[in-house]
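Remarks on the overall topology
If you want the building blocks of each chain, they are given just below.
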Amino acid sequence: MFKYTKSTLQLTRTVQRSALKMAQSRVLQCRMYASSNKEAPKKQRRSLVPLAILGIAALGLTYYNMGHVSKPPRASVDPVSRPKKDIESKEQPLFKDNEISVIYVLGGPGAGKGTQSAKLVKEYGFVHLSAGDLLRAEQKDASSKYGELIANYIKEGRIVPQEITVALLRKAIVNNYNQGKTKFLVDGFPRKMDQALAFENQIAHGKFVLFFQCPEDVMLHRLLERGKTSGRSDDNMETIRKRFHVFEETSMPVVDYFEKQGKVLKVSCDHPVDVVFGQVVAQLKKEGITD
Ligand SMILES: Nc1ncnc2c1ncn2[C@@H]1O[C@H](COP(=O)(O)OP(=O)(O)OP(=O)(O)O)[C@@H](O)[C@H]1O
Ligand SMILES: O=c1ccn([C@@H]2O[C@H](COP(=O)(O)O)[C@@H](O)[C@H]2O)c(=O)[nH]1
């Protein structure tokens, strides 16, 4: 979208310049007819049509740009130090499929993604990267210019602009990779299609989605319980309702997208923690991810 906006700005300038030039030459012609007291011939009047079209195009493009020039914020974490291969090709994600394994962990708010991810870290040595945790840390970082923006999005249960979250994840993955870690659980991400595409194009392809299915009333109960001690600005009835809505409307299409690629491993999470974990391990074993 931003490349497009940049090119429409250039186009606008070109059209404006052409319209101006043409207008100047038409004014000159009109003056010539006026001074010779002749009526402009029909052909000359017709030649005003392209000028009118150019004028309308210039006005239209100017109006369009007025609504699109503001760029979204770039994450304060950007740019990060990238491995050399990052600059080899802009078309390739930062990491090739044989360099790191990324498993996305998705499910409704309170489905138990964090709880199960922590168990996988302990038992199988994954690196757990929770997009929500990364955003909350960035929010608390006094040097970040996005603290307030992130706080507002989280309080409203909305999805923070993908540039910020993708940059935070990239930084965390690169840091861990540079320490020899290659297995990542990316928890609570991607929960919007633009995030999914940005991450897959720029960073790495997800191997699987571990998808936690959970009835809404169970998730609501868990979140309200968690809210008694979590201190989270979004663990309250009003925001939870918004988060459920965003999950259905915005995040489920992401699950469907990966489902079509045969990458979704489903787990039913309305069971005790260890029972859910048994399903998780069974699913990963089936795919040869854990032994
Ligand atoms: N299987 C389970 N049975 C009962 N309680 C659970 C279970 N799994 C998690 N919980 C509890 O539910 C709450 C939410 O769990 P958790 O934080 O893991 O969910 P989440 O999906 O990561 O949530 P969010 O998306 O809001 O971060 C926690 O208080 C956790 O202890
Ligand atoms: O990719 C993401 C992940 C999270 N958010 C925001 O954070 C909160 C909390 O996320 P949890 O996974 O429940 O910790 C979420 O409601 C979003 O507001 C985000 O914007 N993008």
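First, a word on what this report is: a plain description of the structure on this page. (Residues numbered from 1 in each chain as written. Chains lettered and ligands numbered in written order. Predicted model: local features only at pLDDT ≥ 70, side-chain atom pairs only at ≥ 80, totals over all residues. Heavy atoms only, no water.)

1. Examining the site of ligand 1
Around ligand 1 lies a shell of 17 residues, among which K113, T115, R226, R243 and H271 are the nearest. A distance of 3.0 Å separates an oxygen atom of ligand 1 from a polar backbone atom of G112. Contact between ligand 1 and H271: a nitrogen atom at 2.7 Å from a main-chain N or O atom of the residue. When the free accessible area of ligand 1 is taken as 630 Å², the share hidden by the protein chains comes to 75%. Mapping ligand 1 onto the cavity grids shows that it belongs to the second largest pocket. Breaking the shell around ligand 1 down by element, the ones donating at least two residues are α4 (113–124) and α9 (216–230). (Near = heavy atom within 4 Å. Polar contact = N/O pair within 3.5 Å; in protein donor to acceptor, adjacent residues only side chain to side chain. Areas by Shrake-Rupley, 256 points an atom, 1.4 Å probe, with all protein chains shown as cover. 1 Å grid on protein atoms, 1.4 Å probe; cavity = no way out; pocket = protein on both sides within 12 Å on 5 of 7 lines; lining within 4 Å. Sits in = over half its atoms within 2 Å of the grid points. Helix = DSSP H or I, 4+ residues; strand = E, 2+ residues; numbered from the N terminus.)

2. Considering the sheet that holds strand β4 (residues 206–213)
Pairing within the open sheet is parallel, and its five strands lie in the order β2-β3-β1-β4-β5. Looking at strand neighbours, the two that pair on one side only are β2 (127–130) and β5 (264–268), the edges of this open sheet. Each adjacent strand pair in this sheet contributes to an overall mean axis angle of 20°, direction not counted. Alignment of strand β1 (residues 101–107) against strand β3 (residues 183–187), held across five bridges, turns out to be parallel. (Pairing = 2+ DSSP bridges. Axes fitted to C-alpha atoms, helices over the stretch in contact; angles between N-to-C directions.)

3. Re the packing of helix α5 (residues 131–140) against helix α6 (residues 147–156)
Where α5 contacts α6, the two axes come as close as 7 Å, and the packing angle between them is 135°. Regarding the angle of α5 to α6, the classification is oblique. When the axes of α5 and α6 are compared, the crossing they make is left-handed. Only G147, I150, A151 and I154 of α6 make contact with α5, whose side of the interface consists of L135, R136, E138 and Q139. Taken together, the residues of the contact of α5 with α6 break down into four nonpolar, two polar and two charged. (Parallel < 35°, antiparallel > 145°, perpendicular 65-115°, else oblique. Left-handed = near helix turned anticlockwise from the far one by under 90°. Contact = heavy atoms within 4.5 Å. Nonpolar A, V, L, I, M, F, W, Y, C, P; charged D, E, K, R; others polar.)

4. Some points on the pattern of salt bridges
Summed over the entire model, instances satisfying the criterion amount to 10 salt bridges. Two residues, E225 and K228, come together in a salt bridge whose shortest N-O distance is 2.7 Å. Of this pair, E225 and K228 both sit in helix α9, three residues apart, roughly one helical turn. Residue classification places E225 among the partly exposed residues on the basis of a relative accessible area of 38%. Among the salt bridges present, the one from R243 reaches D235, with a minimum N-O distance of 3.2 Å. The class for R243 is buried, based on a relative accessible area of 9%. Residue class for D235 comes out buried when judged on its relative accessible area of 7%. Bridged by salt links that share partners, the residues R226, R232, D234, D235 and R243 form one connected network. (Salt bridge = Lys/Arg side-chain N within 4 Å of Asp/Glu carboxyl O. Buried < 20%, exposed > 50% of the residue type's maximum accessible area, 1.4 Å probe, protein only.)

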